[in-house]
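Given next are the chains, with one letter for each unit.
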Amino acid sequence: MHKLITILGATATGKTTLAAHLALKMNGEIISGDSRQIYKGMDIGTGKDIDDYTINGIKIPYHLIDIRPAGYKYNIYEFYRDFHKAKNDIEQRGKQAILCGGSGLYLETVLKGYNMIEIKPNEELRQKLKDKTIDELAAILQSYPDYKAHNTTDLETKQRAIRAIEIADYYYKHNEKPTDLKGIDSIIIGVDVDRELRRKRISDRLIQRLNTGMVEEVKNLLDSGIKPDDLIYYGLEYKFITQYLIGELQYNEMVKLLEIAIHQFAKRQMTWFRGMEKRGIKIHWIDGTQDVDNRVKECMEYINSQN
C-alpha cells in the first residue's frame, strides 16, 4: 500500500475517471474532495457521474458522496473530520486511499494539515448583515486584518459572504487562528487539459446535463421544501437554475450566465492549484487528453518513483 494518493484538477478534466481506474489497479477506494457531492439529490448539477465508479462491472467504493441532505450547510471543519475518518477506515482494511476532487480549499486543508475550528452560527451578526449588498459584504470581509480569500466562492452569494464574515469575525474577536498541524504525506497528481478544450468540454457538458434533467433536478429539490436561498447558496448550477425557476431569469439568460460562471469557476480552480504549488505543495501534472490507459500508466510510473 502506498501513502495517500491525491488526484486533482479543474472541472471537466476527467479526474474522476482516472481516479476510478487507478483504484481498480491499486485495490483502492476513493474519497471525494468535492464540496457539493456530499449532498443527496444533487446529482446532475454536481457531476457525480456515479457510473464512472463502475469499471468492467466492478464497483469502486467511494466515500463522502451522498452523506448529507440537500439544504444542509456542510463546512470545511466537517470535511476535515470526515476525511480522516474515511481515510483511517480505508487504510485499516488494507486498501489504498485515493483523494479525488476539485475543491481546492478542501484538498489543501487536509494536505497541509490545517487544524480547523468549528465555528457556530452567529445569529446576531447575521441579522445585522442580512440587508447588505454583496459589494457591502465584500468590503466588510476585506476589512478584517487577517482575512485571506481561502475559499474561491466566498463572495459568490450573499449567504456565503455572510458566513465568511462570521468566520473572520470569530477569529478576530477571539484572537485565534487555525493552527498548522503536520500535513499528510501524499503523492499528488494534477489532471490538466488545454484551456480551449476545457472550455469546449464545459459547454458541451452543460448542454448535455440540461438535456438530461438538470432543471428537473433543481425543481424537485424546490418542490421537496428546500428554500430557494438555500439552493442559491450552493452556487453555479443550483444558483442560476433556481433563479430561472423562481422567475428571476429567462431560460436563455440562465444558460448563458451559467456557462460563463462555470468557465470562471474552472479558471479559479486552476489559479488555486497553482497557488498550492507556490505554497510548497508538489503537483505532478499529466495530460488529461491521453486515453485512460496511458494516464493510468503514467500515474503508476510516477507513484512507484515516489515510494
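The present account deals with the structure reproduced in this document.

Thresholds, definitions, all that
Residues numbered from 1 in each chain as written. Predicted model: local features only at pLDDT ≥ 70, side-chain atom pairs only at ≥ 80, totals over all residues. Heavy atoms only, no water. Helix = DSSP H or I, 4+ residues; strand = E, 2+ residues; numbered from the N terminus. Rg over C-alpha atoms; globule rule 2.2 N^0.38 Å. Buried < 20%, exposed > 50% of the residue type's maximum accessible area, 1.4 Å probe, protein only. Contact = heavy atoms within 4.5 Å. Areas by Shrake-Rupley, 256 points an atom, 1.4 Å probe, with all protein chains shown as cover. Lys, Arg positive; Asp, Glu negative; His and termini not counted. Charge placed at Lys NZ, Arg CZ, Asp CG, Glu CD.

## Digging into the overall build of the protein
Right, so step 1: For the protein, the helix and strand inventory stands at twelve helices and twelve strands.
Right, so step 2: Relative to the globule expectation of 19 Å for 307 residues, the C-alpha radius of gyration of the protein, 19 Å, shows essentially globular dimensions.
Right, so step 3: The dimensions of the protein, computed from C-alpha atoms along their principal axes, are 55 × 50 × 35 Å.
Right, so step 4: Of all 307 residues assigned to the protein, the portion counted as buried reaches 51%.
Right, so step 5: Long-range pairs, those at least 24 residues apart, make up 76% of the contacts in the protein between residues at least 6 apart in sequence.
Right, so step 6: Accessible area for the protein stands at about 15,200 Å²; split by element, carbon and sulfur atoms hold 48% of it.
Right, so step 7: Averaging the locations of the 46 positively and 45 negatively charged side chains of the protein gives two centres separated by 2 Å.

## Section: unusual backbone geometry
Right, so step 1: A positive phi is found at Asn56, a non-glycine position, where the angle reads about 50°.
Right, so step 2: A relative accessible area of 75% means that Asn56 is categorised as exposed.
Right, so step 3: The residue Asp66 is not glycine, and still its phi comes out positive at about 60°.
Right, so step 4: With respect to the helices, strands and loops of the structure, Asp66 is situated in the loop between strand E6 (62-63) and strand E7 (68-69).
Right, so step 5: For Asp66, a relative accessible area of 30% gives the class partly exposed.

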